[in-house]
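Architecture at a glance
Here is how the chains run, residue by residue.
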Amino acid sequence: FPMMRSLSAGLYYHVGKFKESLYEDLKALELTSDTIIHWGFFYNYIGLGDELKAVEALEKVLRSHSDTFVANNAIHLKDVYFKSGINGLWNWLLKLELNGSSPNPGSLATRYAKVGKKEEALYWLEKYFDSHPSDLPRINNNPELEILRSEPRFQAMIKKLGLSDYQIPK
């Protein structure tokens, strides 16, 4: 079942075991052609420090995106990376999300966190929190939100979720 492999990949990712997570994503891809799995590749390759493979994985995701605005802008991805590096790519992804047909508050929160904009990240994370998505508990140990861990507003959300005792010590 590809879903079980993807869930396993997510668990490994959230505890910083990027090689194990990548392995599970590769196994999931053997079972399905769903390009959403390439998001996992992107994040794992970033975690492993292999930015070029991360960019290739992201390109696969964006080219098949359901939002035509996003899909059409995939052609600019490598140019952005080679001109501005990974930080430029995070900023570009943020702008792409904001200009898409239906921006996702969770994605906006993580992208703002990646570019170091705590206030904006917290704003969007609170909007995400208020929408009660089923995957909300994943914010607890999401590596993308590391910059927010010590923020009182972030800790308040974790406390409301009842997850304070389940944070991975840093």
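Residues numbered from 1 in each chain as written. Predicted model: local features only at pLDDT ≥ 70, side-chain atom pairs only at ≥ 80, totals over all residues. Heavy atoms only, no water.

Structural notes on the overall build of the protein
Check the secondary structure of the protein and you find nine helices and zero strands. For the protein, the sequential pattern of α-helices and β-strands runs α-α-α-α-α-α-α-α-α. The C-alpha radius of gyration of the protein comes to 16 Å, within 12% of the 15 Å expected for a compact globule of 170 residues. Structurally, the protein occupies a C-alpha span of about 40 × 35 × 25 Å along its principal axes. The buried share of the protein, taken over its 170 residues, is 41%. (Helix = DSSP H or I, 4+ residues; strand = E, 2+ residues; numbered from the N terminus. Rg over C-alpha atoms; globule rule 2.2 N^0.38 Å. Buried < 20%, exposed > 50% of the residue type's maximum accessible area, 1.4 Å probe, protein only.)

Quick word on the packing of aromatic side chains
Aromatic rings considered in pairs are described by the distance between their centres and by the relative angle of their planes. Summed over the entire model, instances satisfying the criterion amount to ten aromatic pairs. Pairing Y81 with F82 gives two aromatic rings, centres 5.4 Å apart and planes at 65°, and the pair type is edge-to-face. Measuring from centroid to centroid gives 5.2 Å for Y123 and W124, while their planes differ by 85°, and the two rings are edge-to-face. Ring pairs connect the aromatic residues Y13, F18, W39, F42, Y43 and W90, which therefore count as one cluster. (Phe/Tyr/Trp six-rings, centres within 6.5 Å; stacked < 30°, edge-to-face > 60°.)

Structural notes on helix 4 (residues 51-63)
Every α-helical turn comprises 3.6 residues, leaving residues that sit three or four positions apart pointing alike. Here helix 4 spans 18 Å end to end across 13 residues, near enough to the 18 Å set by a 1.5 Å rise per residue. Among the residues making up helix 4, those that are buried are A54, V55, A57, L58, E59, V61 and L62. (Expected span 1.5 Å × (residues − 1).)

Description of the nonpolar core
Of all hydrophobic cores here, the largest spans 28 residues; its most connected members are F42, L58, L62, L77, L89, W92 and L93. Considering every element that reaches this core, the biggest residue donor is helix 6 (residues 77-99), with nine residues. Of all hydrophobic cores here, the second largest spans 19 residues; its members include A113, W124, F129 and I158. (Core = buried A, V, L, I, M, F, W, Y, C linked by side-chain atoms within 4.5 Å.)

Section: the pattern of salt bridges
Tallying each qualifying case throughout the model produces eleven salt bridges. A salt bridge links K118 to E151; its shortest N-O distance comes to 3.2 Å. Placement of the pair is K118 in helix 8 (residues 118-130) and E151 in the loop between helix 8 and helix 9 (152-160), with a sequence separation of 33 residues. Here the salt bridges share partners, and the residues they tie into one network are E59, R63 and K78. (Salt bridge = Lys/Arg side-chain N within 4 Å of Asp/Glu carboxyl O.)

Remarks on the confidence of the model for the protein
Of the residues in the protein, 99% have a pLDDT of 70 or more, and the chain-wide mean is 90. Within the protein, helix 5 (residues 68-73) has the poorest average pLDDT of any element, 77, and helix 8 the best, 96. (pLDDT = per-residue confidence, 0-100.)

A look at unusual backbone geometry
Most peptide bonds take the trans form, and the phi angle of most residues other than glycine is negative. At H132, a residue that is not glycine, the phi angle is positive and equals roughly 55°. Position of H132 relative to the elements: it lies in the loop between helix 8 and helix 9.

Structural notes on the side chain of R149
Relative to the helices and strands, R149 resides in the loop between helix 8 and helix 9. Polar contacts involving the side chain of R149 include one to the main-chain carbonyl oxygen of N140, which spans 2.9 Å. When neighbours within four sequence positions are excluded, R149 is seen to be in contact with I139, N140, N141, N142, P143, F154 and Q155. (Polar contact = N/O pair within 3.5 Å; in protein donor to acceptor, adjacent residues only side chain to side chain. Contact = heavy atoms within 4.5 Å.)

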